[in-house]
Amino acid sequence: MAATPQLQLRCCAASGCRSAGSEALQAALLAARDQLGGAADAVTIKPVGCLRLCGRGPLVAVDRSGGDGQEPSAGSTELYAELTPEQAPALLAAATGLGEGPAAAQRLDPAHPFFALQKPVVLEGCGVVNPESIDDALAHGSYAQLKRVLLECSPEQVRDQVKRSGLRGRGGAGYPTGLKWDTVALQPPGPRYVVCNADEGDPGAFMDRSVLESDPHRLIEGMAIAAYAVGAEQGYVYVRAEYPLAIERLRLALRQARGKGLLGGGIAGSSFNLRLEVRVGAGAYVCGEETALLASIQGQRGTPRPRPPYPAQKGLWDAPTLINNVETLASIPVILREGGDWYASIGTEGSKGTKVFALSGAVANTGLVEVPMGTSLRTVVQTIGGGVPGAEGPDGGVKAVQTGGPSGGCIPAHLLDTPVDYESLKALGSMMGSGGLVVMGETTAMPEVARHFMRFSVNESCGKCVPCRAGTVQLLQLLDRFVERRATLADLERLEELCTMVGATSLCGLGQAAPNPVLSTLRYFRQEYQAACRDPDQCEPLDACLLQEVTR
Amino acid sequence: MSVHTLTVDGVEVAVPEGASLLDAVRAAGVELPTLCHLDGLSPVGACRLCLVEMESSGHLQPACATAAGEGMAVLTQTPQLQHYRRMAVELFFAEGNHVCAFCVANGNCELQDVAVAVGMDHSRFPYQYPNRRVDASHPQFAIDHHRCILCTRCVRVCDEIEGAHVWDVANRGSECSIIAGLDQPWGEVQACTSCGKCVDVCPTGAIFRKDDTTGEKEANRERAGLLRSAREHHQWQNQ
Amino acid sequence: MTIPSTKLRFATVWLAGCSGCHMSFLDLDEWLFELAEHVDVVFSPVASDLKTYPEQVDVCLVEGAVANVDNLELALQLRQRTRLVISFGDCAVTGNVPALRNLWADVDGGSRQSVLDRSYLELADTGAQHPHAPGIVPELLERVRPLHEVIPVDLYLPGCPPSAERIRAAIEPLLRGETPAMEGTAMLQFG
Ligand SMILES: Cc1cc2nc3c(=O)[nH]c(=O)nc-3n(C[C@H](O)[C@H](O)[C@H](O)COP(=O)(O)O)c2cc1C
Ligand code: SF4
Ligand code: SF4
Ligand code: SF4
Ligand code: SF4
Ligand code: FES
Ligand code: FES
């Protein structure tokens, strides 16, 4: 290397910042660097994954290294937001100490709680490695655990570490990952498959996309380790077509990994073989449901089927199939590197490790947040998220927090001290879901929120079973009456009755959870529904409201 | 052959290994409404009428699509299940257009029977009046989508028994529809052998013979089961 | 239901239906005489000349769906003046044939316009024109509704038409002050 780089500019090249113009910015930075003449050699400009504060992209991190390689030393990183290509020369000038930088408001404080309270585990390489370079990933330790376990560990030992870690599935339901791996591994001999669920259909969720776009090799390594642990030689990553950049980077990463002998036959000199393929889904939310996803991979209509049998027993082509979420699998390399016990030391009794959230809605700082399980919602929303912009008061202008998307619920501000873990959220009538966290300000009308999600479920229902196919339509029409303030108390009763029925009798999780946004808003904001009911006393003798309705 | 013993509403029954919970329920002499299930076709668990409660967990499982297991205990007639069943039937009626009075299947319709069985005297859910199609392009048969309850029996019988795979499901949610071929007029789908199996298994008046008018549909709903069992047990007469 | 000391005040009403349910009612033949011993028919298109729905009616059989403003007004009025309202026949219970025009509710012009155009313009042999006589020809509602979507209904008597036996099986217990058991194919089957 000619000169040791003195400066490294990490430009976010993930979707959030791309949509804010990060590609043009990076090109402008490269051009500006070339203007530096001899000093240019001291400046590295590197595309990286998400730098977390997506709401203010495009973001660039400037690392001043002490001249000892590429690792930025703590405390010497500067972070800039909302940069325009025109500001590229100024940014470089400031970085090299040759002039004024961009406006002070664009300079972010890395010590701000938004960054300082995060605990990057799954995201440790996200924003650090170049997602398109396997060499960079290798330099940051990718595939080291795969090579090690292939050399040193039996599949049982791998599964044992995963069990010790206490890791639970990040796809929503929180099923213990180690247990699932055991179930697959202990099926009668025969072929088996490993599948990564990267369908991520919840509106407001972008955790999995960020992992795929920012650090795809971590996922591939996690999948390869999983395949080894359960005895699979074939795997699929099921990604929705709406994620073109993620698909592109994943495909590139797979090619690179094959090129390096990290996938394919006799991986890293061992006798372990693994073929991984990408399957692109057409973006149906229900195809994130595991049995629908498997049907879709097999080329069939993506509709769920009753379980049992579970995919771990009978999955792809009736063979035992391990299906895990992106974040679940991306946690595996760290768990093996640091040990299951280390991972289990983070988080709460029942929910170990960290969780990545996509924080959005009426909140000052929107973006990608990874925190230890058990962190309170208040910390996430108010301290990290900065509350509702411009709002005051103890709850920072927050009326409710929606977790779990269309399958989850709304948690009211007075319960913000709830720790984020599977059981606590469930007890409140919501759920962890995949990690979408939408903050709602005080002006939000709850029946409208419920209707918004119900409309989503109506549109995304696969139509196989009647409670969901027809029940959600009726629920939506009932909610219309509340939003338009022409409901009656009888409607309220029917709404609850039908919610219970749809939840209890639907075939898959989509229908079973579709009533949750209604039930949770009814639980905490019932008065808003009651206020939307007309007073029967005012309707006698000739029911004017009714007349209006039937003559409409 | 090994046998599983289980209880249905407290009554002990024994069924052979591989039997479904529905088989067990029937062995116990209990009547459970079903619509999507038909003996001889693979189970799909779609209509949710046969849901039973697992005594141990309180979970609801479709009897038709759940394997009977040793020691299971199921309840079939809890007030809650009856309540859900009636609501499901109301939802079926409200989502389509059922005018029994001039329906070819009037008096020979499983949906009608199920409505009686669950005591549905009216639908509390507003009728949706979807504007659906009628396809009479086939020389012998027709399909009136207004009466289709999306049970997919036609899809399965044509695929699994006749091997012609004429039918499929298109679209999602309430827009779902049975389609012939690649959403072509039925009469243009050359794969159709005109065997009439879909007419026989259709629980409603959705698929019917063109010469039948109001109340004249006669369906041989056992046909699928008979054929399947004949094939499995080689009960052919060679003459 | 309390046992009436005097004769029941009995009514039948004909909304948007084909009158088939009333014909079936007349099929009760000689049992009608028995019925007449227990009830006063205070309003009925087949058994009374009164044009205004009276007060204090005990039982009313309502045939037909709610399809026009007259149907709607009468339905609301009878509900106020009747103790026990019975949805009589499939049109009242489900909307049935009259409600089929609701299939065109979402097309241009809506179901009302579509059905009028079809009947009075497209299918007219001569002198195609819309009927227009304000105050005489009642205006159609945009959507035809089953009775219970407009007023609370106490008992459902499905069938198209309900057979005379079914009608009798439903009314007889009422005369004794009992609630009929609406169960089984004989009492419940639509069509
Ligand atoms: C309607 C529906 C949508 C789902 N969508 C996703 C999804 O987008 N991503 C995901 O990982 N899991 C999704 N799941 C959960 C999966 O079915 C499955 O539980 C999960 O992928 C298992 O992985 P895990 O154990 O690692 O969480 C969905 C479930 C349902 C019912
Ligand atoms: S619950 Fe909804 S999405 Fe799931 S199988 Fe039933 S119709 Fe399909
Ligand atoms: S299919 Fe059955 S329920 Fe539907 S109209 Fe025909 S007879 Fe009635
Ligand atoms: S008639 Fe036979 S071949 Fe034709 S669609 Fe029906 S089942 Fe299939
Ligand atoms: S046409 Fe008949 S058999 Fe086919 S899905 Fe519809 S109701 Fe079922
Ligand atoms: S996408 Fe650039 S910071 Fe998240
Ligand atoms: S018969 Fe079992 S779900 Fe339809």
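Calculation rules
- Residues numbered from 1 in each chain as written.
- Chains lettered and ligands numbered in written order.
- Predicted model: local features only at pLDDT ≥ 70, side-chain atom pairs only at ≥ 80, totals over all residues.
- Heavy atoms only, no water.
- Helix = DSSP H or I, 4+ residues; strand = E, 2+ residues; numbered from the N terminus.
- Rg over C-alpha atoms; globule rule 2.2 N^0.38 Å.
- Near = heavy atom within 4 Å.
- Nonpolar A, V, L, I, M, F, W, Y, C, P; charged D, E, K, R; others polar.
- Salt bridge = Lys/Arg side-chain N within 4 Å of Asp/Glu carboxyl O.
- Contact = heavy atoms within 4.5 Å.
- Buried area = accessible area lost by both parts, 1.4 Å probe.
- Polar contact = N/O pair within 3.5 Å; in protein donor to acceptor, adjacent residues only side chain to side chain.
- Pairing = 2+ DSSP bridges.
- Axes fitted to C-alpha atoms, helices over the stretch in contact; angles between N-to-C directions.
- Patch = residues over 30% accessible without salt bridge, like charges linked within 9 Å, V, L, I, M, F, W, Y side chains within 5 Å.
- Areas by Shrake-Rupley, 256 points an atom, 1.4 Å probe, with all protein chains shown as cover.
- Buried < 20%, exposed > 50% of the residue type's maximum accessible area, 1.4 Å probe, protein only.
- Arc of directions from axis to C-beta.

The helix and strand inventory of chain C stands at seven helices and seven strands. Going from the N terminus to the C terminus, chain C shows its helices and strands as β-α-α-β-β-β-α-β-α-α-β-β-α-α. Over its C-alpha trace chain C gives a radius of gyration of 18 Å, about what one expects of a compact globule, namely 16 Å for 191 residues. Taken along the three principal axes of its C-alpha coordinates, chain C extends 55 × 35 × 30 Å.

Attention shifts here to the site of ligand 4. Neighbouring ligand 4 are 14 residues, the closest being Cys158(B), Trp167(B), Cys192(B), Cys195(B) and Cys198(B). For the shell around ligand 4, the class distribution of residues is nine nonpolar, three polar and two charged.

Residue and element names in this part refer to chain A. For the structure shown, the criterion picks out 54 salt bridges over all chains. Among the ionic pairs, glutamate 78 bridges to arginine 107, the shortest N-O distance being 3.6 Å. Residue glutamate 78 is located in strand β4 (residues 77-80), and its partner arginine 107 is located in strand β5 (residues 107-108); the two are separated by 29 residues in the primary sequence. Between arginine 170 and glutamate 327 there is a salt bridge, with its nearest N and O atoms 3.9 Å apart.

Another aspect to go through is the interface of chain B and chain A. Every contact between the two is made by 31 residues of chain B and, on the other side, 30 residues of chain A. Both faces combined, the contact of chain B with chain A buries some 2,400 Å², and carbon together with sulfur accounts for 58% of it. A per-residue breakdown of the area chain B buries against chain A is headed by Arg48(B), Leu91(B) and Arg172(B), which together make up 24% of the total. There are three salt bridges connecting chain B and chain A. Two residues, Arg469(A) and Glu95(B), come together in a salt bridge whose shortest N-O distance is 2.6 Å. Our enumeration of links across chain B and chain A arrives at 13 residue pairs in polar contact (both at pLDDT 80 or more). At the level of elements, β4 (60-62), α2 (79-95) and β8 (167-170) of chain B are the ones that each hand at least two residues to the side of chain B that touches chain A. The greatest single-element share of the side of chain B that touches chain A, amounting to eight residues, is contributed by α2(B).

All names here are of chain A. Taken in spatial order, the four strands line up as β8-β7-β6-β9 in an open sheet, and their pairing is parallel. Every other strand in the sheet has two partners, leaving β8 (275-281) and β9 (321-325) as the edge strands with one partner each. Neighbour-to-neighbour, the strand axes of this sheet turn through a mean angle of 20°, independent of strand direction. Two strands pair when backbone bridges link them, and strand β6 (residues 193-198) and strand β7 (residues 234-240) are joined in this way by six bridges, in the parallel orientation. Its bridge partner being in β7, alanine 198 is matched across the sheet by valine 239. Strands β6 and β9 of the sheet are contacted by helix α13 (residues 326-338), whose axis makes an angle of about 95° with β9.

Another point: a nonpolar patch on the surface. Together, Met23(C), Leu26(C) and Val46(C) make up a nonpolar patch on the protein surface, roughly 220 Å² of accessible area in all. Within the secondary structure, Met23(C) is located in helix α1 (residues 20-26).

Attention now moves to the side chain of His145(B). Tracing the backbone shows His145(B) in the loop between β7 (141-144) and α4 (153-161). For His145(B), a relative accessible area of 7% gives the class buried.

Moving on: the sheet that holds strand β3 (residues 57-63) of chain C. All names here are of chain C. Ordered in space as β2-β1-β3-β5-β7, the five strands form an open sheet in which the pairing is parallel. Looking at the sheet topology across the chains shown, the edges are occupied by β2 (39-43) and β7 (155-157). Neighbour to neighbour, the strand axes of the sheet diverge by 25° on average, direction disregarded. Strand direction decides the pairing type here: strand β1 (residues 8-14) and β3, joined by five bridges, are parallel. Among the inter-strand pairings, valine 13 is bridged to a residue of β3, identified as valine 62.

Moving on, we get to helix α7 (residues 155-165) of chain A. All names here are of chain A. Listing the buried residues of α7 in full gives Val158, Arg159, Val162 and Ser165. Seen end-on, α7 carries its buried residues on one side only, within an arc spanning 115°. In this structure, the buried side of α7 is in contact with α6 (144-152), α8 (177-185), α10 (216-230), α13 and α14 (340-344). In the segment just after α7, glycine 166 is the residue with positive phi, at about 75°.

Let us now look at the site of ligand 5. Within the structure, ligand 5 sits among 14 residues, and Cys148(B), Cys151(B), Thr152(B), Cys154(B) and Cys202(B) are positioned closest to it. Tallied by class, the residues present in the shell around ligand 5 amount to eleven nonpolar, two polar and one charged.

Nothing here speaks to function; it is all geometry.
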